[in-house]
Amino acid sequence: MAAQYIPPEGQTLDKATIYAALRKVVHAHSALGVRLGPADIPVFERLQKVDLSEVVEFSDSRDLAKAIESILQRKFDRSSDSPLWRLVVLGNTVCFAWHHGIGDGKSGLAFHRAFLSALQAGGSPDEDPIVVPSKDPLTPAIETLVDLSPSWGKFAVEIFGLFAPVSWTRQAGSWTGNPVPTNLTLETHARLIEFSPDVASSLLEVCRSHRATITSTVYAMALSIISEQALSDNCTTVSSAVPISLRGLSGTSDDAICNHVSALQTYPKVNPIFSWEFASEYASEIRAFVKESVGEIGMLKYLYGRYDEFFLGKLGKKRRAGFELSNVGRFKVGKGIAQTWSTGRMAFAQCDVVQGAAIKLNAVGDALGGITITVTWGANSIPDAFAEDFVVKFKNGIGKLSGETKVDSF
């Protein structure tokens, strides 16, 4: 997750300022001071120290889209004593990258809130790269806070899907992009679509007038565009996924760095015409599914630790989802923070290009009221020409809904 930082007059976002702020953030968040052990069944191991010189990189580039592509293609080295996160600094833009094992999408917002708070609190600049992490326990795992037991219906459907031919399942006739490749590559493409605060405000207003949300409207627009391709591929539905935060159920603060998330998997019928009625119905479906969504991750226990076998078994087969929409919401600054440093433009993106959704839309709202949607896809997920055409049509479609004909993308 990237955020542009706006310094007060006379200050700069240099190494000493960043290191001093990060020292406070690492002290406050235990998840930033652990690694994954090398065992076959990995567990989190607390690091004795975090060397900021190994996890913070400074780049002369100002091309955020290219930086995101580069960041998403880099693995975390489990054989080293490095934590499961890194920072890439492009001028005044800070890109925080983290392993999904320590945090969900909202964890990116939590990091930037903590980093902004540390900058605003001030203090002496410090170029010492060594930080001793917090010894506080990690935020409890979701399964210790919420009953994740799936319903019998959910259990039956998922078990059936594991063993039945695809033609017997909901995946039959569903558009999911290209099959999961057998020649693995993390090559990722990213395009950023920015909606100014005025455009975002207009879009929110029109969504509310149709009893829809930003998420359901973006989802409906994406579905209508993908449906054109799905029809040409003789598909009748589009398999899709929308992550759902479980923090409301677990009672976990939005300021925590943790992994409390599930998802809604649906198979809407192909429809190349945008529908406000569908957008409104889907908003209601998301709200109603929050409690039931725990069963999605509750099914994992029935793998009995055979995760490698499960995921390797997906190679060469049909993807589960054609597209995924992840909206982490707006970046909100806590009350009582003196307005010295502030933030501007933001962007959010995620990887999982091998077996994840063929195309992903990642949305985040910035503190100024703007919205950025990062569209990502893997080299083997869908044809580049289709992805580029999707970006143009999506940008123009959302622009028309908000009454704005000019929307920035790069």
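Our subject is the structure that appears above.
Residues numbered from 1 in each chain as written. Predicted model: local features only at pLDDT ≥ 70, side-chain atom pairs only at ≥ 80, totals over all residues. Heavy atoms only, no water.

### Quick notes on the overall build of the protein chain
We apply this condition: Elements are defined by DSSP. Helices are runs of H or I of four residues or more, strands are runs of E of two residues or more, and each kind is numbered from the N terminus. Atoms considered for the radius of gyration are the C-alpha atoms alone. The globule rule reads 2.2 Å times the number of residues to the power 0.38. Any residue under 20% of the maximum accessible area for its type is buried, any over 50% is exposed, and the rest in between are partly exposed; the area is computed with a 1.4 Å probe on protein chains only. Contact criterion: two residues are considered in contact whenever any of their non-hydrogen atoms come within 4.5 Å of each other. All accessible-area figures derive from a Shrake-Rupley calculation using a 1.4 Å probe, and residue coverage is judged against the displayed protein chains alone. We score Asp and Glu as negative and Lys and Arg as positive, and we do not count His or the chain ends. In plain terms, the charge of a residue is placed at NZ if it is Lys, CZ if Arg, CG if Asp and CD if Glu.
Helix and strand content of the protein chain: 12 helices and 18 strands. Here the C-alpha radius of gyration of the protein chain, 21 Å, is about what a compact globule of 410 residues would show, namely 22 Å. C-alpha atoms of the protein chain, sized along the principal axes, occupy 60 × 50 × 40 Å. Burial analysis of the protein chain (410 residues in total) assigns 51% to the buried set. For the protein chain, the proportion of contacts with a sequence separation of at least 24, taken over those separated by at least 6, is 80%. Accessible surface, the protein chain as shown: approximately 19,300 Å² in total, 53% of it carbon and sulfur. Placing the 40 positive and 43 negative side-chain charges of the protein chain at their respective mean positions leaves the two points 4 Å apart.

### Focus on the environment of Gly 295
Along the chain, Gly 295 falls in helix α10 (residues 294–298). Among the residues examined, Gly 295 registers a relative accessible area of 4% and is labelled buried. For the pair Gly 295 and Ser 149, spaced 146 residues apart in sequence, the C-alpha to C-alpha distance is 5.7 Å.

### Remarks on helix α1 (residues 15–28)
In plain terms, the rule: Given the number of residues in a helix, its expected span is that number minus one, multiplied by 1.5 Å.
In this model α1 runs 20 Å from its N-terminal to its C-terminal C-alpha over 14 residues, within 8% of the 20 Å that 1.5 Å per residue would give. With 10 of 14 residues buried, α1 lies mostly within the body of the structure. All buried positions along α1 are accounted for by Ala 16, Thr 17, Ile 18, Tyr 19, Ala 20, Ala 21, Leu 22, Arg 23, Val 25 and Val 26.

### Re the sheet that holds strand β1 (residues 2–6)
Test applied: Pairing between two strands is assigned when DSSP locates at least 2 bridges connecting them. Comment: axis = line fitted to C-alpha atoms, over the contacting stretch for helices; angle = value between 0 and 180 degrees taken between N-to-C directions.
Strand order across the open sheet formed by five strands is β5-β6-β7-β1-β15, with mixed pairing between neighbours. With one partner strand each, in any of the chains shown, β5 (56–59) and β15 (342–347) form the two edges of the open sheet. On average, adjacent strands in this sheet sit at an angle of 25° to one another, irrespective of strand direction. Where strand β6 (residues 85–90) lies against strand β7 (residues 93–98), six bridges are found, and the strand directions are antiparallel. Across the sheet, residue Leu 90 finds its bridge partner in β7, namely Thr 93.

### Quick notes on empty space enclosed by the protein
Which entries qualify depends on this criterion: Grid points spaced at 1 Å and placed over the protein atoms alone form the basis of the search, with a cavity being a set where a 1.4 Å probe fits but cannot get out and a pocket an open set showing protein on both sides within 12 Å along at least five of seven lines. Lining residues have an atom within 4 Å of a point. Grid points are joined across faces, edges and corners, and a volume is the space filled by probe spheres set on the points. Note on residue classes: Ala, Val, Leu, Ile, Met, Phe, Trp, Tyr, Cys and Pro are nonpolar, Asp, Glu, Lys and Arg are charged, and everything else, Gly too, is polar.
Scanning the entire structure with this criterion turns up one cavity of 30 Å³ or more. Estimates place the volume of the largest cavity at around 30 Å³. In terms of lining residues, the largest cavity is bounded by Pro 181, Thr 185, Arg 319, Val 353, Val 354, Gly 378, Ala 379, Asn 380 and Ser 381. Across the lining of the largest cavity, the residue classes break down as four nonpolar, four polar and one charged.

### A look at the pattern of salt bridges
Here is the rule we go by: Here, a salt bridge means any side-chain nitrogen of Lys or Arg that lies within 4 Å of a carboxyl oxygen of Asp or Glu.
Per the stated rule, a full pass over the model turns up 16 salt bridges. Asp 255 is the salt-bridge partner of Arg 113, the closest N and O atoms lying 2.7 Å from each other. Note that Arg 113 is positioned in helix α4 (residues 105–121) and Asp 255 in the loop between α8 (247–250) and β13 (261–266), a separation of 142 residues in sequence. Arg 113 sits in the buried class, given a relative accessible area of 14%.

### Description of a nonpolar patch on the surface
The criterion, for reference: Two distance rules govern patches: like charges are joined within 9 Å, and nonpolar side chains (Val, Leu, Ile, Met, Phe, Trp, Tyr) within 5 Å, applied only to residues with over 30% relative accessible area and no salt bridge.
The grouping of Leu 300, Tyr 307 and Phe 311 at the surface amounts to a nonpolar patch, some 270 Å² of accessible area in total. Along the polypeptide, Tyr 307 turns up in helix α11 (residues 307–312). The class of Tyr 307 is partly exposed, set by a relative accessible area of 40%.

### Brief notes about the nonpolar core
Operational definition: Here the nonpolar core consists of buried residues drawn from Ala, Val, Leu, Ile, Met, Phe, Trp, Tyr and Cys, with membership extended through side-chain atoms lying within 4.5 Å.
Core analysis: the biggest nonpolar cluster contains 49 residues, and Trp 175, Leu 361, Ile 373, Val 375, Phe 390 and Phe 394 have the highest contact counts within it. In terms of residue count, helix α7 (residues 214–232) provides more of this core than any other element does, 10 residues in total. Once residues within four sequence positions are removed from consideration, Phe 390 is found in contact with Ala 222, Ile 225, Ile 226, Ile 359, Leu 361 and Val 375. Residues Leu 36, Leu 47, Val 50 and Leu 116 belong to the second largest nonpolar core, which totals 43 residues.

### Considerations on the layout of surface pockets
In this approach a probe as big as a water molecule rolls over the atoms, and the regions it shows empty are the leftover space. Within this model, the second largest pocket holds a volume of roughly 220 Å³. Taken together, 14 residues form the lining of the second largest pocket, with Lys 154, Arg 170, Phe 289, Glu 292 and Glu 296 sitting closest to its centre. For the lining of the second largest pocket, the elements supplying multiple residues, two or more each, are α5 (152–163), β13 and α10. At four residues, the largest contribution of residues to the lining of the second largest pocket is made by α5. Of the residues assigned to the lining of the second largest pocket, the class counts are four nonpolar, five polar and five charged.

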